[in-house]
Amino acid sequence: MSMTGDAYILPLEISFESGKATLADFLEIEVTVGSVRKTLSSGGIVYDEETGDFLAQFTQEDTFKLKGKRDVDVRLVLVNEDVIGVKAGTLDHIESQSKQVI
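What you are looking at is a predicted structure, and each value in this text was computed from that prediction instead of being measured. (Residues numbered from 1 in each chain as written. Predicted model: local features only at pLDDT ≥ 70, side-chain atom pairs only at ≥ 80, totals over all residues. Heavy atoms only, no water.)

A short note on the overall build of the chain
Of regular secondary structure, the chain possesses 1 helix and 10 strands. Ordering the α and β elements of the chain from the N terminus gives β-β-β-β-β-β-β-β-α-β-β. Counting only C-alpha atoms, the chain reaches 45 × 25 × 20 Å along its principal axes. At a minimum sequence separation of 6, the contacts of the chain that also span at least 24 residues come to 62%. Of the roughly 6,200 Å² that the chain leaves accessible, carbon and sulfur atoms contribute 50%. (Helix = DSSP H or I, 4+ residues; strand = E, 2+ residues; numbered from the N terminus. Contact = heavy atoms within 4.5 Å. Areas by Shrake-Rupley, 256 points an atom, 1.4 Å probe, with all protein chains shown as cover.)

Here we look at the nonpolar core
With 21 residues, the main nonpolar core has Phe26 and Ile29 as its most contacted residues. Among residues more than four places away in sequence, those in contact with phenylalanine 26 are Ile14, Phe16, Ala21, Phe54, Leu76, Val77, Leu78 and Val79. (Core = buried A, V, L, I, M, F, W, Y, C linked by side-chain atoms within 4.5 Å. Buried < 20%, exposed > 50% of the residue type's maximum accessible area, 1.4 Å probe, protein only.)

Printed below as a string of structure tokens:
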């Protein structure tokens, strides 16, 4: 569980039947949590070569918009231009008393 106003990185491990996906497998990745949207092309998602994970970066401003349980939706644009969407769980944010970015 996180608190509104937290800044954190959400790691995403994306796999196919043939094994773990890499950056070369995608034209675009989109992660949406509530009203907050992150994409690979905008720099909101980066690829960690060491772990092979995709990292969605949430700022304090982002999480102030998230209250309660929110679904995590992931949409992938593959190199062949197929688009696949999946539910990737939920995030729960309890409301912080502070409303200030620090």
